[in-house]
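Here's the letter readout for the chains.
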Amino acid sequence: MTHSLHRLGDYESLKKDYVLFALTAAGVYGKDLGHAAGSAAKKKRFLDIVASHGPVNMSVSPTHDRRRLALAAGYTLEELRNGICDKSEIYSVFNNMDSVKRVIEELKTKNLGLSVVVSGIFDEVFRCCREISMTPHTVNMSVGIMGRTEMLPRKRVLEMTTMCGHSLVSSGLVEHLINRVRNRKMTSEEAAGVLAKQCLCGIFNTARAVELIELAASEIVDKPSESHD
Amino acid sequence: MLKIDEKCIRCRICLPYCPVGAITADKEKTYIDQDLCVECGVCHRAKICPVNAIYQQDLTWPRTLRAQFSNPAAYRHPTAIGGRGTDEMKTNDVTSRFKHGEAGFCIELGRPGIGATFNDAEKVTMTLAAIGVEFEQENPLTFLVNISDGKLKDEAIRNERVLSCIVECKASEERAVEVLKALQEASKMVNTVFSVGVISRCREGEIPIKPILDKAGIKTYINGKTNLGLGRVRGVKA
């Protein structure tokens with residue numbers, strides 16, 4: 001599915017938001033391509049490579065016992081590692097492109113054979129690929145939101161809720177936590193932690209959320225129907 | 001079915017957690033509106049109820065669809081196809097699901113955070129079927145519609161609400177603008193929102209479909225997904 005697509009934000013904010021993940025094809029049209037079989041060891045190597053470059057969140061789903069484990073939900077790196085099976089997808093979130101570039105360089109060298117996807121600013125990702133002599137294979141571009149956009153929450157809130165592609169982070173919870181931070185009943189870090197726990201796939205960017213919550217808490221909201229373009 | 005039992009102390013802590021606003025509190029009780037609830041499980045999983053009043057009852061058809069499409073932790077799939085969609089372009093370097101000259105489309109009904117019914121989904125699938133796209137056969141929503149006309153196979157599911165469901169299809173690159181214009185028409189008929197993604201296989205480091213969309217005045221986000229092309233099966237790249 002498309003859960004790391006459609007993350008909303010401006011250039012400056014999205015420069016601090018990259019999702020990098022690895023997976024194997026289960027097969028296509030009933031044909032097992034043999035991509036997943038025996039891939040758990042490679043995925044563990046992928047996890048170790050990614051972990052060594054300072055992600056702000058990581059996750060494994062599904063595990064061999066069909067769970068979804070994310071660092072932001074309180075699981076340890078070792079628990080993530082132990083949960084990896086041939087079917088697992090390994091997700092990581094970074095708040096800078098330099099680290100992503102170092103991960104990609106290392107992955108290119110290690111040649112694990114896993115499918116690797118980066119969600120982030122195309123210009124930055126494509127420049128990175130050119131600099132390390134890689135050719136991007138396929139892209140998925142968002143052309144935005146259609147339909148009854150008047151039903152949507154305000155843009156600042158959407159910048160946070162769209163960091164969980166399964167829409168498990170409620171706009172009501174975001175507004176509630178912004179108010180608590182504004183009223184000094186909790187810190188922005190604590191609020192980001194609460195939001196991140198709702199995202200089962202662990203692709204919620206806690207570092208970016210802290211910045212957005214602080215920004216939102218300092219704003220006076222008098223225009224609920226901002227543009228969503 | 002997610003419910004709140006008599007242990008509830010009406011503290012209202014759970015209210016903001018529901019992504020679709022299905023938890024309601026009045027003077028006498030706090031309850032989950034079963035029409036609005038999409039069975040995503042957020043309220044139950046969050047473990048925020050101080051008296052454990054939120055509980056999950058077993059689901060029966062067609063309500064089971066709500067959990068399949070809304071709860072990523074649900075592993076019983078009535079459509080026999082897991083999750084909300086396929087790997088689409090994420091493993092295209094191995095599967096070649098999208099070839100040069102093709103445009104893929106992921107139309108996610110209800111996203112972000114509004115929810116949708118299968119009635120909404122049918123508006124989109126009928127519109128696309130009418131112009132002749134190729135629906136993705138391994139997608140769980142495709143399983144629920146007739147691909148010839150896009151109509152729902154089972155009337156019983158029409159009003160089932162889900163957090164989101166994805167129409168996946170493809171057409172030739174030259175028809176991409178036609179498909180997107182058809183979606184703009186369909187968007188006038190739905191009682192929700194949908195997020196649209198366009199998939200394009202790169203050629204020599206460029207995105208072939210980008211100038212086609214630019215020429216038609218169709219804006220794309222500055223960010224999106226890039227398959228780096230590192231996938232191999234026994235050393236073979238698709």
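1. Regarding the overall build of chain B
Consideration 1: Along chain B, the regular secondary structure elements total six helices and eleven strands.
Consideration 2: Along the three orthogonal principal directions, the C-alpha set of chain B runs to about 65 × 40 × 35 Å.
Consideration 3: Buried residues in chain B amount to 49% of all 238 residues.
Consideration 4: When contacts within chain B are restricted to residue pairs at least 6 apart in sequence, those whose partners lie at least 24 apart make up 75%.

2. Here's the deal with the overall build of chain A
Consideration 1: Looking only at helices and strands, chain A has nine helices and six strands in total.
Consideration 2: Over its C-alpha atoms chain A spans a radius of gyration of 18 Å, differing by no more than 12% from the 17 Å that the globule rule assigns to 229 residues.
Consideration 3: Along the first, second and third principal axes, the C-alpha set of chain A runs to 55 × 35 × 35 Å.
Consideration 4: Taking all 229 residues of chain A together, the buried fraction comes to 56%.
Consideration 5: A separation of at least 24 residues holds for 73% of the contacts in chain A among residues at least 6 apart in sequence.

3. Quick notes on the interface of chain B and chain A
Consideration 1: Each side of the interface is counted separately: chain B has 72 residues, and chain A has 65 residues.
Consideration 2: Listed by contribution, the elements that provide at least two residues to the side of chain B that touches chain A are helix 3 (92-95), strand 5 (102-109), helix 5 (176-186), strand 10 (193-201) and strand 11 (223-227) of chain B.
Consideration 3: Here the side of chain B that touches chain A takes nine residues from strand 10 of chain B, the largest share from any one element.
Consideration 4: Grouping the constituent residues of the side of chain B that touches chain A by class yields 34 nonpolar, 24 polar and 14 charged.
Consideration 5: In this structure, strand 6 (residues 138-147) of chain A lies alongside strand 11 of chain B, joined through four bridges in antiparallel fashion. Among the inter-strand pairings, Thr138 of chain A is bridged to a residue of strand 11 of chain B, identified as Asn227 of chain B.

4. With respect to the sheet that holds strand 11 of chain B
Consideration 1: The sheet built from eleven strands is open, its strands ordered 3(A)-2(A)-4(A)-1(A)-5(A)-11(B)-6(A)-10(B)-5(B)-9(B)-7(B) with antiparallel pairing. Single-partner strands in this sheet number two, and they are strand 3 (69-70) of chain A together with strand 7 (134-135) of chain B.
Consideration 2: Bridging between strand 2 (residues 57-61) of chain A and strand 4 (residues 89-94) of chain A involves five bridges; their strand directions are antiparallel. Bridge pairing in strand 4 of chain A links Met58 of chain A to Ser92 of chain A.

5. Topic: the confidence of the model for chain A
Consideration 1: Across chain A, the average pLDDT comes to 93, with 96% of residues at 70 or higher.
Consideration 2: Within the model, pLDDT remains below 50 along residues 224-229 of chain A, and this stretch shows ten contacts once partners closer than five positions in the same chain are excluded.

6. Observations concerning the nonpolar core
The nonpolar side chains of a soluble globular protein tend to be buried with one another.
Consideration 1: Ranked by size, the top nonpolar core spans 130 residues in total, and within it Leu195, Phe204, Ala209 and Ile213 of chain A together with Ile107 of chain B carry the most contacts.
Consideration 2: For this core, the element with the highest residue contribution is strand 1 (residues 18-23) of chain A, accounting for six residues.
Consideration 3: When sequence neighbours within four positions are dropped, the list of residues in contact with Ala209 of chain A reads Met160, Met163, Ala192, Leu195, Ala196 and Phe204 of chain A.

7. Describing the environment of Val19 of chain A
Consideration 1: Its place among the elements puts Val19 of chain A in strand 1.
Consideration 2: Residue contacts for Val19 of chain A: discarding those within four places in its chain leaves Ser4, Tyr91, Val93, Ser119 and Ile203 of chain A.

8. Brief notes about the pairing of strand 9 (residues 165-172) of chain B
Residues and elements named next belong to chain B.
Consideration 1: Strand 9 sits mainly inside the fold: six of its eight residues count as buried.
Consideration 2: Examined bridge by bridge, strand 5 and strand 9 share eight bridges and lie antiparallel to one another. Bridge pairing links Gly104 to Lys170 in strand 9.
Consideration 3: Two elements, strand 7 and strand 9, share two bridges in a ladder whose sense is antiparallel. Considered in strand 9, the bridge of Glu134 is made with Lys170.

9. Focus: the packing of helix 8 (residues 188-198) of chain A against helix 9 (residues 206-218) of chain A
All names here are of chain A.
Consideration 1: Following both chains from N to C, one finds helix 8 and helix 9 inclined at 125°, their axes separated by 8 Å at the closest point. Relative to helix 9, helix 8 is oriented oblique. In terms of crossing hand, the pair formed by helix 8 and helix 9 is right-handed. Counted together, Ser188, Glu189, Ala191, Ala192, Gly193, Leu195 and Ala196 of helix 8 and Thr206, Ala209, Val210, Ile213 and Glu214 of helix 9 form the full contact between these two elements.
Consideration 2: Along the lines of polarity and charge, the residues of the contact of helix 8 with helix 9 split into seven nonpolar, three polar and two charged.

Procedures and definitions
- Residues numbered from 1 in each chain as written.
- Chains lettered and ligands numbered in written order.
- Predicted model: local features only at pLDDT ≥ 70, side-chain atom pairs only at ≥ 80, totals over all residues.
- Helix = DSSP H or I, 4+ residues; strand = E, 2+ residues; numbered from the N terminus.
- Buried ≥ 20, exposed ≤ 12 C-beta atoms within 10 Å, placed from the backbone.
- Contact = placed C-beta atoms within 7 Å.
- Rg over C-alpha atoms; globule rule 2.2 N^0.38 Å.
- Nonpolar A, V, L, I, M, F, W, Y, C, P; charged D, E, K, R; others polar.
- Pairing = 2+ DSSP bridges.
- pLDDT = per-residue confidence, 0-100.
- Core = buried A, V, L, I, M, F, W, Y, C linked by C-beta atoms within 7 Å.
- Axes fitted to C-alpha atoms, helices over the stretch in contact; angles between N-to-C directions.
- Parallel < 35°, antiparallel > 145°, perpendicular 65-115°, else oblique.
- Left-handed = near helix turned anticlockwise from the far one by under 90°.

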